Amino acid sequence: MNTLSKAYEVGTTFSHNIIPLDFESIDGVPESHLWSQSDESHQKIQTNNPRDSLIPVIDLSDPCAIDLIGQACKTWGMFQVINHGVPLELVKKVEFEARRLFSLTTHEKRKVLRSPTGATGYGLPRISPFFAKCMWHEGFTIMGSCVDDAKVLWPHDYQRFCDTMDDYQNQMKLLAHKLLLLSLQTLDVTQEEINWATSTHGSNGALQLNSYPSCPNPSRTLGLAPHTDSLLLTILNQYGITGLEIFVEGLGWSPVCPIEGAFVVNVGDLLHIFSNAKFPVVYHRAVVNQSKHRISVAYFYGPPIESTLAPLSNYQDPCFRSLLVKEYIRLKATHNDKALSLIRI
Ligand SMILES: C=C1C[C@]23C[C@@]1(O)CC[C@H]2[C@@]12CCC[C@@](C)(C(=O)O1)[C@H]2[C@@H]3C(=O)O
Ligand SMILES: O=C(O)CCC(=O)C(=O)O
Ligand SMILES: [Fe+2]
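Given the structure is predicted, the values throughout are model-derived calculations rather than measurements.

Undergrad: Could you clarify how one ought to interpret the site of ligand 1 in this entry?
TA: Around ligand 1, a shell composed of 14 residues is seen, among which Tyr 8, Arg 126, Ile 127, Met 143 and Ser 230 lie nearest. With respect to ligand 1, the backbone of Arg 126 contributes an N or O atom lying 2.9 Å from an oxygen atom. Measuring from an oxygen atom of ligand 1, one finds a side-chain N or O atom of Ser 230 at 2.4 Å. In the complex, the protein chains occlude 96% of the 460 Å² of accessible area that ligand 1 would expose alone. The residue makeup of the shell around ligand 1, split by class, is 8 nonpolar, 4 polar and 2 charged.

If you want it as structure tokens, here you go:
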């Protein structure tokens, strides 16, 4: 077993609906998607200016970028990055292809449904079984090649979609390595540990295309329920439409405003563990809106799944026990937000 998708093959299968709603054919929010106003996951906060964002914006060409990234990772577990070197043309192509996919009919999209234990394909977010209500969301997950699914969707025109997603995953991996290298240098880390986190052999990534159709009653539902991301680092593009929110202790849910050309970068569970909790993980969610069909694209970067994950060796008191990366992925798949506490020392 050496690819990320394999780590998901074994594990609990939930008898839970795995098919997104047929958003084309409904004109209200059904009971299954109505979140209670008293639910903590569903509370809102008022910011004085909805354009205000707490999360720092870091210019990668700034000579101080390393300190700024270290500071942002330690304070927020999140930052936005500009001047990152990813070609804008490719970023736009990814949005175009994602919109092309989600604008297919429900009948077409259901031909490439992710199986209940599967990793790739069209479906609901993996975290869905942990919530009583459904999310106003449909997603397409890519781990490695997406050619099999693309051939089903566009038998005579699949190459464009695959090439775009492959190029983007390569660019994302390069950026993830760059950002990990910078952030880790601000911790007491050995060269061997840096090599593990930024290894080019057997390291794993996944691309998640998220679609949040416009919603007749956005305040009564959620696009993506509160969660932390599982792998080392996530690089997200909001494509200009507000929706991502983070949970800030004492403040509540706060928006992360989209900035043109920027990516939102956040620490995942594996980096939280590896940094011995020096980098916090940030709870985040996505809200939907009434007039716009929002697309976001998230790249998740992780280390080889057969390798051992352990807190940095230079720290005297490890906060977590060590385990294989694939074991943590399975714990997360079966226990969701309880997984971290299950390995805390
Ligand atoms: C590598 C992965 C991270 C992810 C699970 C996945 O296998 C691919 C989908 C990812 C995603 C996207 C939406 C939110 C999330 C929590 C989910 O349900 O599926 C993340 C997963 C994660 O970070 O655990
Ligand atoms: O759509 C968003 O803004 C958030 C997406 C997200 O959190 C994810 O894909 O893990
Ligand atoms: Fe996320």
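Read on for the rest.
Undergrad: So what exactly am I meant to see when it comes to the coordination of the iron ion (ligand 3) here?
TA: Around a metal, the ideal angle is 109.5 degrees if four donors adopt a tetrahedral arrangement and 90 or 180 degrees if six donors adopt an octahedral arrangement. Distances from the iron ion (ligand 3) to its protein donors, namely His 227 (NE2), Asp 229 (OD) and His 284 (NE2), fall within the range 2.1 to 2.2 Å. Positions of the donor residues of the iron ion (ligand 3), expressed as sequence spacing, correspond to H-x1-D-x54-H. Residue His 227 is located in strand β6 (residues 224–227), and its partner His 284 is located in strand β11 (residues 284–286); the two are separated by 57 residues in the primary sequence.

Undergrad: Any chance you could explain the site of ligand 2 here in plain terms?
TA: Surrounding ligand 2, one finds 13 residues, the nearest of these being Asn 210, Tyr 212, His 284, Arg 294 and Ser 296. One of the side-chain N or O atoms of His 227 is found 3.2 Å from an oxygen atom in ligand 2. For ligand 2, an oxygen atom lies 2.7 Å from a polar atom in the side chain of Ser 296. Considered on its own, ligand 2 offers 290 Å² of accessible surface; in the complex 96% of this is hidden by protein. Broken down by secondary-structure element, the contributors of at least two residues to the shell around ligand 2 are β5 (204–212), β6, β11 and β12 (294–302).

Undergrad: Is there a simple way to explain the pairing of strand β8 (residues 244–248) in this structure?
TA: Along any regular strand the residues' side chains alternate between the sheet's two faces. With 4 of 5 residues buried, β8 lies mostly within the body of the structure. Here β8 runs beside β11; their pairing, made up of 3 bridges, is antiparallel. Each bridged residue has a counterpart across the sheet, and for Ile 246 the counterpart in β11 is His 284. Across 4 bridges, β8 lies against strand β9 (residues 252–255) in antiparallel orientation.

Undergrad: Explain the packing of aromatic side chains here, please?
TA: Aromatic rings in a pair are described by how distant their centres are and how their planes are angled relative to each other. Counted under the stated rule, the structure contains 6 aromatic pairs. For the pair Phe 140 and Phe 161, a centre-to-centre distance of 6.1 Å together with 75 degrees between the ring planes defines the contact as edge-to-face. Taken together, the residues span a long stretch of sequence, with Phe 140 in strand β4 (residues 138–142) and Phe 161 in helix α6 (residues 159–184) at a distance of 21 residues. Look at Phe 140 and you get buried, because its relative accessible area is 1%. Ring plane angle 65 degrees and centroid distance 5.1 Å describe the contact between Phe 247 and Trp 253, whose orientation is recorded as edge-to-face. Among the aromatic residues, those joined into a cluster by ring pairs are Phe 140, Trp 154 and Phe 161. The ring of Trp 154 is capped by Arg 100, whose NZ or CZ atom sits 4.3 Å from the centre of that ring.

Undergrad: Quick question: what am I supposed to make of the packing of helix α2 (residues 65–75) against α6 here?
TA: When two helices pack together, their arrangement is given by the angle between the helix axes and the distance between those axes. Remark: α2 packs on α6, axes separated minimally by 8 Å, with the N-to-C direction vectors making an angle of 80 degrees. Relative to α6, the element α2 is oriented roughly perpendicular. Contacts between α2 and α6 pair Ile 66, Ile 69 and Cys 73 from the former with Leu 179, Leu 182 and Ser 183 from the latter. When its residues are assigned to classes, the contact of α2 with α6 shows 5 nonpolar, 1 polar and no charged.

Undergrad: What is the right way to look at the packing of helix α3 (residues 88–102) against α6 in this model?
TA: Where α3 meets α6, the axes come as close as 10 Å, and the angle between the chain directions of the two elements is 135 degrees. For the element pair α3 / α6, the angle class is oblique. Crossing of α3 against α6: the hand is left-handed. Between α3 and α6, the contacting residues are Leu 90, Val 91, Lys 93, Val 94, Phe 96, Glu 97, Ala 98, Arg 100 and Leu 101 on the first element and Arg 160, Phe 161, Thr 164, Met 165, Asp 167, Tyr 168 and Gln 171 on the second. Here the contact of α3 with α6 is composed, by residue class, of 9 nonpolar, 2 polar and 5 charged.

Undergrad: Just checking my understanding: could you explain the sheet that holds β9 for this structure?
TA: In a beta sheet, neighbouring strands are held together by backbone hydrogen bonds and run either parallel or antiparallel to one another. Here 4 strands make up an open sheet; going across it, the order is β6-β11-β8-β9 and the pairing antiparallel. Each edge of the sheet is formed by a strand with only one pairing partner; in this case those strands are β6 and β9. Mean inter-strand twist for the sheet, computed between neighbouring axes without regard to direction, equals 25 degrees.

Here is what the cut-offs are and how they apply
- Residues numbered from 1 in each chain as written.
- Chains lettered and ligands numbered in written order.
- Predicted model: local features only at pLDDT ≥ 70, side-chain atom pairs only at ≥ 80, totals over all residues.
- Heavy atoms only, no water.
- Near = heavy atom within 4 Å.
- Polar contact = N/O pair within 3.5 Å; in protein donor to acceptor, adjacent residues only side chain to side chain.
- Areas by Shrake-Rupley, 256 points an atom, 1.4 Å probe, with all protein chains shown as cover.
- Nonpolar A, V, L, I, M, F, W, Y, C, P; charged D, E, K, R; others polar.
- Donors = N, O, S within 2.8 Å, 3.2 Å for Na, K, Ca; no water.
- Helix = DSSP H or I, 4+ residues; strand = E, 2+ residues; numbered from the N terminus.
- Buried < 20%, exposed > 50% of the residue type's maximum accessible area, 1.4 Å probe, protein only.
- Pairing = 2+ DSSP bridges.
- Phe/Tyr/Trp six-rings, centres within 6.5 Å; stacked < 30°, edge-to-face > 60°.
- Lys NZ or Arg CZ within 6 Å of the ring centre and 35° of its normal.
- Axes fitted to C-alpha atoms, helices over the stretch in contact; angles between N-to-C directions.
- Parallel < 35°, antiparallel > 145°, perpendicular 65-115°, else oblique.
- Contact = heavy atoms within 4.5 Å.
- Left-handed = near helix turned anticlockwise from the far one by under 90°.

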